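# What the coordinates show
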Amino acid sequence: MSVAALRLIHCRRLSTAGPPGVNKVFLGCLFITYEVFALDKSVTIDTSAILQEKYKSYIYLNATPSTERENLTAARRELHKAARRFLEISSKLFLQSLEDPHEVALWLLLKRTQSPKKAVRLQAVQELAENSHWQDYQYQTAAQVIDQRTAVGLARTPQVDLRFFRQPPALPDLEDVSEDGLRQLLASLPLSEVDRCVQYFTSLALRESNQSMAAQRGGLWCFGGNGLPYAQSLTSVPSEKAESFCLQALVQHSKSHCDRIVENGGLQILQRLYQLRRESLKIQRNIVRVIGNLALNESIHQAIVQSGWVSVLAETMKSPHVMEASHAARALANLDREAVREKYQDGVYILHPQTRVHQPSKADVLFIHGILGAAFKTWRQKDRSTLEEKREAESEDDYTECWPKAWLAADCPNLRVLSVEYDSHLSDWMANCPSLAYRSRELLNKLKLAGVGERPVVWVAHSMGGLLVKKMLLDAADDPDLQGLLKNTKGIMFYSVPHHGTFMAEYSVNVRYLLFPSIEVRELCKDSPDLRSLNEGFLNIAKENEIKLLSFAETQPTNISPMIKVLVVPTQSADLGLGELIKVDVDHLNICKPEKKDSFLYRRSLQFIQEALQHFISQ
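Computed from a predicted model, the values in this text were never measured in an experiment.

### Quick look at the overall build of the chain
Within the chain one finds 28 helices and 9 strands. Carbon and sulfur atoms form 54% of the exposed surface of the chain, whose accessible area is close to 32,700 Å².

The following block contains the structure:
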């Protein structure tokens, strides 16, 4: 204790003898204050060691550079903005959904179409097409949002609303560019990589196109005389004829020159021509046929969709004309890689089902026409006479252009019905164009891509188409890759097939070429060695594989001309020698055309198909 403190204490002790008072309190406070300051100066504590130990427990972070801090701040700011926008949109959608629940349903279905699960996507497309309570603006919004896969799926869904699809882009003046653009497109395609048939069609189309243009420009003057009025009066006729020739050639090119056609603006040219020739079903069919061939190439699917063809095909699918709807169905099936595994090449048409279905088909029925036939017209209902039309005017709507599509599909909905077409007219102009063997191999390749042979099959053939079926099955028996087609063949139905030849082949050249204008005519002579070998080989494989067989034979002569009537395939030739043979009181052309749905010809044909496939379609 300091000397001053001792003195104060001493003084305090001395003063205690006097009377108490304020001075005593003041002196006490002064003493305490002084003592505190004295102790603070005399006592010093070093805390550096304690702080060092404390710093050891800290976690140190490197300082963030100013640029990184700025970037981080900007990112946080954008994230906050996006979050605010999301909350605003969500709140609006939630509030709006209270007023219109269908709005939310639309967006939920559109979101489901992008699901990683295929089953979810397919179901979402189905539900989109089935809903019909949306407003115009909702369809327009959906048309802008849906992707390529969804658009194609909607187009192949029954009863879909066409407002789901964006309309084709605006096109320039149609009249000035249609034929000329088509001709330039055809001239730009190479001829070195195609067969002689395609070369012929191309040269023929270009020649006809040039003649048409010359006629439109008064070119007939070069032949002498005043040909200009005549040319001007036929301006539209030669133009459409030239376009038809160009399209036939383009159909052949579209099998091998898909990329070149697209690169040269072919999709837009065909779109312009399609819009211009609305009244010409033949031109429109050939255009859609080209699109169906192009759709076999998956690399150009996006170009097809972007050029507006999905909306056109969806509309054409609703056509009352079987041929137009079937061409569109084939093109859309080739575009639909989501639900369709098969590919339908040129000449293979789906009659049923033409849209997406919930259950896969259990069996196939294939229709093969004969020479001068076609995939649709051969299988139409029997043509009515004038008296019949008057008598059955009330049932005119019952007439069908294709009974397999209208009748068989309704009676056997779980079957896939295909109709096959081949170019039977090519040999009119070239001696070495397709023979029976060539056609057999070509069709086998097409049918394999279409999945024919993977499920039970029944063949239905008319005239020379039956010979083609027998040849295909013989070829399949020798090909290990096609064994499934032969083993899955459960039945064959022949309509007036010349198994043993025909007397038509022994007639004059002019008459026989009316019905059989092909190089196989010499093989159709009665009891020819080629036909005998074909029939014997087929009977062997039919017995080995227990194939059910049914043959129909004509008994009425066919009107070849007003002066000529011929029994094209006699009963002896139509008799295969195995299976059932039924004689029908009709001619060669109508043997495959039932008069009506309850006629004997159709009822017996349906019975045969059901019996041959009863173990498969009843499951």
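Okay, back to it.
### Quick look at the pattern of salt bridges
All told, the structure shown has 22 salt bridges when counted by the stated rule. For the salt bridge of Arg121 with Glu338, the shortest nitrogen-to-oxygen distance reads 2.8 Å. With a gap of 217 residues between them, Arg121 in helix 6 (residues 118–130) and Glu338 in the loop between helix 18 (322–335) and strand 1 (348–352) connect regions that are remote in the sequence. With respect to burial, Arg121 and Glu338 carry one shared label: buried.

### Quick notes on the nonpolar core
Within the largest apolar cluster, 54 residues are counted, with the highest numbers of intra-cluster contacts made by Leu154, Phe164, Leu250, Leu270, Leu294, Ile304 and Trp309. Here this core spans two domains, and each of domain 1 (30–65 + 100–166) and domain 2 (177–209 + 239–340) adds at least three residues to it. Setting aside its immediate chain neighbours within four residues, Leu270 contacts Leu182, Leu247, Leu250, Ile287, Val290, Ile291 and Trp309. Counting residues in hydrophobic clusters, the runner-up holds 43 residues, among them Ile350, Ile371, Ala450 and Met472.

### Things to note about helix 15 (residues 281–294)
With 14 residues, helix 15 extends 20 Å from end C-alpha to end C-alpha; this agrees with the ideal 20 Å at 1.5 Å per step. Among the 14 residues in helix 15, 12 count as buried, and that is most of the element. Within the span of helix 15, buried status applies to Ile283, Gln284, Arg285, Asn286, Ile287, Val288, Arg289, Val290, Ile291, Gly292, Asn293 and Leu294.

### Focus: the packing of aromatic side chains
The description of an aromatic ring pair uses the distance of the two centres, along with the angle that the planes make with each other. Tallied over the full model, the rule gives 13 aromatic pairs. On the numbers, 5.0 Å between centres and 80° between planes, the contact of Tyr139 with Phe164 is edge-to-face. One end of the pair, Tyr139, is in helix 7 (residues 136–145); the other, Phe164, is in the loop between helix 8 (148–155) and helix 9 (178–187), and 25 residues separate them in sequence. The exposure classification of Tyr139 matches that of Phe164, with both residues buried. Seen in terms of ring centroids, Tyr349 and Phe376 are 5.3 Å apart; in terms of plane orientation they differ by 50°. Their pairing is tilted. Pair noted here: Tyr349 is in strand 1 and Phe376 is in the loop between strand 2 (363–368) and helix 19 (386–391), with a separation of 27 residues, a long-range link. For the pair shown, Tyr349 and Phe376 are each scored as buried.

### Digging into the confidence of the model for the chain
Overall, the predicted model of the chain reaches an average pLDDT of 80, with 71% of residues at or above 70. Across the chain, strand 5 (residues 489–495) holds the top mean pLDDT of 98, while helix 11 (residues 228–233) sits lowest at 36. For the stretch residues 1–25, pLDDT sits under 50, and the model shows 10 contacts to residues farther than four places along the chain or on other chains. In this model, residues 425–432 is a region of pLDDT below 50 whose contacts with residues beyond four sequence positions or in other chains number 18 contacts.

### Quick look at helix 22 (residues 464–477)
Helix length check: helix 22 (14 residues) gives 20 Å between terminal C-alpha atoms against 20 Å at 1.5 Å per residue, within 8%. The buried count for helix 22 comes to 12 of 14 residues, which makes it a mostly enclosed element. Buried within helix 22 we find Met464, Gly465, Gly466, Leu467, Leu468, Val469, Lys470, Met472, Leu473, Leu474, Asp475 and Ala476. On its buried face, helix 22 is in contact with strand 2, helix 21 (436–449), strand 4 (457–462), helix 23 (483–487), strand 5 and helix 25 (529–544).

### Concerning the environment of Leu351
When you line up the elements, Leu351 lands in strand 1. Between the C-alpha atom of Leu351 and that of Pro404, which follows or precedes it by 53 residues, the distance is 7.4 Å.

### As for the side chain of His588
Here His588 is to be found in the loop between strand 9 (580–584) and helix 27 (600–612). Within the structure, His588 has its side chain in polar contact with the side chain of Ser463 (distance 3.2 Å). If sequence neighbours within four positions are ignored, His588 has contacts with His462, Ser463, Ser496, Glu554, Gln556, Thr558, Val568 and Val569.

### Description of unusual backbone geometry
Cis geometry marks the peptide bond from His352 to Pro353; its omega dihedral reads -10°. Here Pro353 lies in the loop between strand 1 and strand 2. Positive phi outside glycine occurs at Gln159, with the angle close to 60°. In this fold, Gln159 is placed in the loop between helix 8 and helix 9.

Reading the values: the criteria
- Residues numbered from 1 in each chain as written.
- Predicted model: local features only at pLDDT ≥ 70, side-chain atom pairs only at ≥ 80, totals over all residues.
- Heavy atoms only, no water.
- Helix = DSSP H or I, 4+ residues; strand = E, 2+ residues; numbered from the N terminus.
- Areas by Shrake-Rupley, 256 points an atom, 1.4 Å probe, with all protein chains shown as cover.
- Salt bridge = Lys/Arg side-chain N within 4 Å of Asp/Glu carboxyl O.
- Buried < 20%, exposed > 50% of the residue type's maximum accessible area, 1.4 Å probe, protein only.
- Core = buried A, V, L, I, M, F, W, Y, C linked by side-chain atoms within 4.5 Å.
- Domains from an automatic or database assignment.
- Contact = heavy atoms within 4.5 Å.
- Expected span 1.5 Å × (residues − 1).
- Phe/Tyr/Trp six-rings, centres within 6.5 Å; stacked < 30°, edge-to-face > 60°.
- pLDDT = per-residue confidence, 0-100.
- Polar contact = N/O pair within 3.5 Å; in protein donor to acceptor, adjacent residues only side chain to side chain.

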